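Chain and residue survey
Chain by chain, the residues:
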Amino acid sequence: MSLTALICDDSVLARKQVKKSLPENFAATVLTASNGQEALDILSTQEIGVVFLDLTMPELDGIGVLEAIKARQLKSCVIVISADIQPEMQKRVAELGALAFIQKPVNPDKLNQILSQYGLI
Amino acid sequence: MAMLSADQQDALQELMNVAMGMASDQLARYLNTLVHLQVPAIRLVQPSDLLAQLEPDDAEHQRQVVSQGFIGDAGFQGEAVLFYQLSNARQLATMLGYPADDANDAEMLTDISSILTTTFLNSLGGQLSAQLSYSAPRLLSDQQELLVQRIETPGWRAALQVSIHYQVIDYAFQCEMVLLIPELGLQTLQQRLDAILLEY
């Protein structure tokens, strides 16, 4: 079964940066959402293997998305890609079940390393 | 004056987001607490709008304003103005280890401002490939005229205003950072944003 990935960020530039940073051997259909609510709508209609999630967003922020994923017991892996790098925030997303935290602007090597660490490539 | 295109505005917002993240991380470490962030708001303003914001508001007795100028290559320049809402500046100053008097409360505010603006501007400048230098942060209650004079010069007929909100619930502390970039700086900014957009 093929993997579907979701990039959730309110910035077009940030979504493009993540998309361009994905390694070539990352064989997945890539969807995008421009805020947390859009992401939840997508997550409730189809199976998403991995979510690349921003934290600071309008409508519903990344914390809200993580809480909803946890409450709905979805199996999606979440990799947070955020500018909000406060230690307290990193701790909070880890507690809410995020696999990894990547500081913005996203570094392709770091992304590659995390994807391979979790067997996603 | 040329407005930012939708792509430029989106790119600027993302750059600001990264810079804001760096600044709030520094502030969080300094205050040893969590800083709440919101998406920055960007709009084009006139000098009269800027001056109106500096007018003291009777309902906001505790408001303090700190301003810091910045300048970089190719005419990139502006002013970072921080509007503080502190329910108790003295309490915060005491917790941070400043001896209790008005001069130290002011020193604390300029110290916090320095952390916020230089961290923010270093990150923004780095992303825009612009080396920036800064003036010392100054409390506007003392030197408001300097900022007003600067804003009233012709190059500031229109300016880009970026509002960033830092909220520290543990200390009942709120800070609105308004970044003002005049026409001259805006052209350079747009060129640099276009270069970034071309990469993606």
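These notes cover the structure that comes with them. (Residues numbered from 1 in each chain as written. Chains lettered and ligands numbered in written order. Predicted model: local features only at pLDDT ≥ 70, side-chain atom pairs only at ≥ 80, totals over all residues. Heavy atoms only, no water.)

As a further point, take the layout of surface pockets. Residues and elements named next belong to chain B. In this structure, the second largest pocket encloses a volume near 150 Å³. As for the second largest pocket, its lining consists of 10 residues, of which Gln64, Ala89, Asp102, Asp105 and Ala106 are closest to the centre. Breaking the lining of the second largest pocket down by element, the ones donating at least two residues are helix 3 (89–95) and helix 4 (102–127). (1 Å grid on protein atoms, 1.4 Å probe; cavity = no way out; pocket = protein on both sides within 12 Å on 5 of 7 lines; lining within 4 Å. Points joined across faces, edges and corners; volume = space filled by probe spheres on them. Helix = DSSP H or I, 4+ residues; strand = E, 2+ residues; numbered from the N terminus.)

The next thing to look at is the interface of chain A and chain B. Chain A puts 24 residues into the contact, and the matching count from chain B is 23 residues. Summing both partners gives a buried area of about 1800 Å² for chain A against chain B, and 63% of it is carried by carbon and sulfur. Across the pair A:Lys104 and B:Glu14 runs a salt bridge whose closest N-O atoms are separated by 2.7 Å. Summed over the shared surface of chain A and chain B, the result is six residue pairs in polar contact (both at pLDDT 80 or more). Of all the secondary structure elements, the ones that give two or more residues to the side of chain A that touches chain B are helix 1 (12–21) and helix 4 (87–95) of chain A. At six residues, the largest contribution of residues to the side of chain A that touches chain B is made by helix 1 of chain A. A breakdown of the residues in the side of chain A that touches chain B according to their chemical character gives 10 nonpolar, five polar and nine charged. (Contact = heavy atoms within 4.5 Å. Buried area = accessible area lost by both parts, 1.4 Å probe. Salt bridge = Lys/Arg side-chain N within 4 Å of Asp/Glu carboxyl O. Polar contact = N/O pair within 3.5 Å; in protein donor to acceptor, adjacent residues only side chain to side chain. Nonpolar A, V, L, I, M, F, W, Y, C, P; charged D, E, K, R; others polar.)

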